[in-house]
Amino acid sequence: MLLRVWKLTMPNQIRLTNGTLLTIADRPFKEGGEGGLFRILSPTTYQQQVVKLYHADKRTPDRERKLTYLIANPPNALAINGHQSVIWPSQIAHQNNQFAGFTMPLATGEIVEYLCHRKLPPKLGVEWQRFSFQSPDALKLRLNICLNIAIALQQVHSLGRYVLVDLKPDNMLVQSKTLVHVIDIDSIQIRQNGQLLFPASASTPDYTPPEGHHGLDLIKIGTTDVWDRFGLAVIFYRLLFGLHPFVGTCHPPFDTCNGLVDMIREGLFPHSPAMVRHFRVVSDWHHGFAKLPKIVQSLFIQCFDTGHKDPVQRPTAEDWCRVLAPNPKIELNRVLPSASAKLPDFTLSTGLTPQSTSWPVFPQVSYLNSEEPNVLFRAVYSLFGKPAKEIARDKLIAQQQKVKKLEEEIQASETTRQRIESNFGEGQSRILADEVNDKSALQNRFNDQLKTADNQAINLYKEEIGRFENAQQALGTQLVAVKAIIDSFNTTKILPINSAYKIKQIPLQDQLNQLTELENNELRVVSQTVARQISTIEERFNELIREQETLIEQNLGIDNQQQFRQLFKKRHIIANQTQEIFGRNPTLAVACLK
């Protein structure tokens with residue numbers, strides 16, 4: 001029904017942004033969830049390209065803007081001998097003056113997924129049998145596929161703005177000559193100057209790194225090429241061993257990890273030095289890991305072990321290129337200074353909380369009126385003295401004054417304590433803030449210095465590569481010169497000698513043939529002579545046997561004839577002894593034989 005809908009609703013002509021009118025097939029030769037791929041019938045100059053037309057609900061302005069950006073900013077993905085390893089969008093396609101899709105180079109081959117299992121699917125032809133794991137050349141061929149995939153991905157990452165995100169074997173085609181195509185580029189993530197312009201539209205859990213299983217929001221935050229580095233290593237492992245790198249059964253506490261997502265989240269790679277002790281059952285297919293070159297093993301461990309907690313440490317596509325190249329320029333087993341230098345994790349001070357003293361609770365006191373007595377009472381008191389009541393009152397007032405003074409002192413102490421606590425808190429806050437700022441400043445300076453050191457290391461490395469390339473180029477020039485000398489020597493010396501040898505070889509070969517024929521004739525004559533002599537000897541021997549039997553019959557008694565004849569037939573008596581025997585008394589001859 002879907003094909004019928006395409007045929008009825010899709011006009012078979014589209015127009016490109018450059019104005020070219022294309023005639024396409026009525027039906028797609030391949031379909032997916034977003035749209036279909038159509039062959040271009042005319043003009044003939046476009047027959048090595050195809051058109052991807054989106055379904056109506058997928059033809060959004062945002063998708064058109066994204067494709068426009070991709071077309072304007074292609075990676076350095078040069079075609080080699082007509083082969084395009086990265087199938088990049090070429091032009092926007094329109095139908096009825098509306099955005100409909102885009103054109104791209106035609107990709108051929110089988111999906112890489114077919115080679116990621118222990119057995120090849122029956123649909124693959126005879127030319128693919130050399131990729132079977134039972135074939136002696138399988139590992140070499142599969143490593144070459146890995147190299148070509150790494151080259152393609154390095155081209156995509158070279159601009160520093162693209163991340164495929166949904167990197168998986170289903171999005172790659174491979175030919176029997178190990179050439180690859182990376183397809184479905186239009187779902188790529190685009191970031192420029194640190195800003196996420198277009199997020200990726202999909203990802204596959206089996207190729208998603210741990211951070212993707214810990215809640216990283218691809219739509220809002222996005223990711224970097226470290227995401228692709230993980231998926232790339234997973235694809236390589238499946239290509240080389242026919243199973244996912246995180247397959248296995250573990251002891252507690254990881255025995256509850258029931259699927260690949262759980263294993264990836266926990267970093268349970270069977271060849272990880274830190275995780276190997278947790279595995280209870282490891283498939284025999286993992287054992288082929290030990291047969292890989294050590295440098296290739298180290299890249300897998302660097303990705304799945306070191307890169308589990310520090311994604312930046314995962315090998316880049318360029319790292320894989322250098323290691324997998326048939327004749328690597330420089331063996332890449334180096335790490336930048338930032339990988340080995342780590343700033344200690346300084347622990348910040350913990351603020352102190354003053355312990356307040358429990359102040360006594362004073363009872364509520366009602367003080368007496370402390371007004372002095374009037375003049376009359378003072379005069380009476382001066383003449384007659386103060387009564388006991390007044391004396392007690394004076395003492396009470398004096399005591400009240402002491403209590404008031406004590407209360408004032410306590411209040412002053414409390415005010416002082418509060419002021420000290422306040423000053424302590426402000427001072428402590430400043431100290432703690434200074435610690436945070438100092439640590440941040442130290443971290444920034446350390447990072448800047450590491451970045452500078454990394455840049456210096458990269459520059460030195462590039463300089464080393466440049467020198468090596470120059471030396472290699474000079475060596476290549478010398479080899480060309482040596483080859484020219486060898487060719488000249490071959491032309492002037494070796495070829496004339498070969499020609500002269502061939503001229504002389506003809507009569508020599510004729511003589512050799514004649515001698516061979518003579519030898520064969522002589523051998524035939526000798527063989528015939530020997531055969532005749534053997535025949536004569538056999539006849540003479542048979543005559544002797546008959547003669548001996550006659551003599552036996554004539555000279556031996558009837559009782560002894562049969563026994564003597566049996567002995568004679570068993571060759572216990574040979575022909576040249578008969579005369580000696582028969583010259584004796586026959587009875588004694590038989591006795592000797594016994």
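Residues numbered from 1 in each chain as written. Predicted model: local features only at pLDDT ≥ 70, side-chain atom pairs only at ≥ 80, totals over all residues. Heavy atoms only, no water.

1. Re the overall build of the chain
(1) Moving on: Across its full length, the chain carries 13 helices and 15 strands.
(2) Moving on: Residue burial in the chain is summarised as follows: out of 594 residues, 33% are buried.
(3) Moving on: In the chain, the share of contacts with a sequence separation of at least 24, taken over all contacts with a separation of at least 6, comes to 63%.
(4) Moving on: Carbon together with sulfur atoms contributes 55% to the accessible area of the chain, which is approximately 36,900 Å² in total. (Helix = DSSP H or I, 4+ residues; strand = E, 2+ residues; numbered from the N terminus. Buried < 20%, exposed > 50% of the residue type's maximum accessible area, 1.4 Å probe, protein only. Contact = heavy atoms within 4.5 Å. Areas by Shrake-Rupley, 256 points an atom, 1.4 Å probe, with all protein chains shown as cover.)

2. Re the layout of surface pockets
(1) Moving on: Quantified by volume, the second largest pocket comes out at close to 590 Å³.
(2) Moving on: Along its surface, the second largest pocket is lined by 29 residues, and Lys-30, Leu-37, Lys-52, Ile-183 and Asp-184 are the ones closest to its centre.
(3) Moving on: Going through the elements one at a time, strand E3 (30-31), strand E4 (35-42), strand E5 (49-54) and strand E7 (98-105) are the ones with two or more residues in the lining of the second largest pocket.
(4) Moving on: Class assignment of the residues belonging to the lining of the second largest pocket gives a composition of eleven nonpolar, nine polar and nine charged. (1 Å grid on protein atoms, 1.4 Å probe; cavity = no way out; pocket = protein on both sides within 12 Å on 5 of 7 lines; lining within 4 Å. Points joined across faces, edges and corners; volume = space filled by probe spheres on them. Nonpolar A, V, L, I, M, F, W, Y, C, P; charged D, E, K, R; others polar.)

3. Focus: unusual backbone geometry
(1) Moving on: In the segment running from Ser-42 into Pro-43, the intervening peptide bond is cis, with an omega of 0°.
(2) Moving on: Counting through the fold element by element, Pro-43 comes out in the loop between E4 and E5.
(3) Moving on: Looking along the chain, the bond that leaves Pro-252 and enters Pro-253 is cis, with omega of 10°.
(4) Moving on: For Pro-253, the location among the structural elements is in the loop between strand E14 (249-250) and helix H5 (260-266).
(5) Moving on: Non-glycine residue Asn-96 carries a positive phi angle of around 55°.
(6) Moving on: Among the structural elements, Asn-96 can be located in the loop between strand E6 (91-95) and E7.
(7) Moving on: What makes Asn-96 exposed here is its relative accessible area of 67%.
(8) Moving on: Here Asn-97, not a glycine, exhibits a phi torsion of approximately 65°, which is positive.
(9) Moving on: Here Asn-97 lies in the loop between E6 and E7.

4. Considerations on the pattern of salt bridges
(1) Moving on: Scanning the entire structure with this criterion turns up 15 salt bridges.
(2) Moving on: Its salt-bridge partner being Arg-238, residue Glu-113 comes within 3.0 Å of it at the nearest N-O pair. You can see Glu-113 sitting in the loop between strand E8 (110-111) and helix H3 (138-157) and its partner Arg-238 sitting in helix H4 (residues 226-241), a full 125 residues away along the chain. An identical accessibility class is assigned to Glu-113 and Arg-238; each is buried. (Salt bridge = Lys/Arg side-chain N within 4 Å of Asp/Glu carboxyl O.)

5. Considerations on the sheet that holds strand E10 (residues 172-174)
(1) Moving on: Taken in spatial order, the three strands of this open sheet run E8-E10-E11, and their pairing is antiparallel. Strand pairing shows two members of the sheet lacking a second neighbour, E8 and strand E11 (180-182), which therefore form its edges.
(2) Moving on: As paired strands, E8 and E10 are joined by two bridges and run antiparallel to one another. Along E10, the bridge assignment pairs Ile-111 with Leu-173.
(3) Moving on: Lying over the sheet, H3 contacts E10 and E11, oriented at roughly 35° with respect to E11. (Pairing = 2+ DSSP bridges. Axes fitted to C-alpha atoms, helices over the stretch in contact; angles between N-to-C directions.)

6. Things to note about the sheet that holds strand E12 (residues 189-192)
(1) Moving on: With respect to topology, three strands assemble into an open sheet ordered E9-E12-E13, the strand pairing being antiparallel. The sheet is open, and its two borders are formed by strand E9 (162-163) and strand E13 (195-198), each paired with just one other strand.

7. Re the packing of aromatic side chains
(1) Moving on: Taken as a whole, this structure holds 20 aromatic pairs when the rule is applied.
(2) Moving on: Between Phe-241 and Phe-289 the ring centres are 6.3 Å apart and the planes differ by 45°, which places this aromatic pair in the tilted class. You can see Phe-241 sitting in helix H4 and its partner Phe-289 sitting in the loop between strand E15 (279-281) and helix H6 (294-309), a full 48 residues away along the chain. An identical accessibility class is assigned to Phe-241 and Phe-289; each is buried.
(3) Moving on: Grouped by ring-pair contacts, the aromatic residues Phe-230, Phe-236, Tyr-237, Phe-241, Phe-246, Phe-269, Phe-289, Phe-300, Phe-304 and Trp-320 constitute a single cluster.
(4) Moving on: Taking NZ or CZ as reference, Arg-39 lies 4.2 Å from the ring centre of Phe-29, over its face.
(5) Moving on: Lying across the ring of Phe-133, Arg-142 places its NZ or CZ 4.0 Å from the centre. (Phe/Tyr/Trp six-rings, centres within 6.5 Å; stacked < 30°, edge-to-face > 60°. Lys NZ or Arg CZ within 6 Å of the ring centre and 35° of its normal.)

8. Here we look at helix H2 (residues 61-72)
(1) Moving on: With twelve residues, H2 extends 17 Å from end C-alpha to end C-alpha; this agrees with the ideal 16 Å at 1.5 Å per step.
(2) Moving on: The secondary structure elements touched by the buried residues of H2 are E5, E6, E7, E9, E12 and E13. (Expected span 1.5 Å × (residues − 1).)

9. Re a nonpolar patch on the surface
(1) Moving on: Taken together, Val-526, Val-530 and Ile-534 make up a surface patch of nonpolar side chains, about 230 Å² in accessible area.
(2) Moving on: Its place among the elements puts Val-526 in helix H10 (residues 388-555). (Patch = residues over 30% accessible without salt bridge, like charges linked within 9 Å, V, L, I, M, F, W, Y side chains within 5 Å.)

10. Some details on the pairing of E7
(1) Moving on: Counting buried residues along E7, six of its eight residues qualify, which places the element largely inside the surrounding structure.
(2) Moving on: Of the strand pairs in this sheet, E5 and E7 are connected by five bridges, and their pairing is antiparallel. Bridging across to E7, Gln-49 finds its partner in Pro-105.
(3) Moving on: Where E6 folds back on E7, the antiparallel hairpin that results is connected by two residues, among which Asn-96 adopts a positive phi of roughly 55°.

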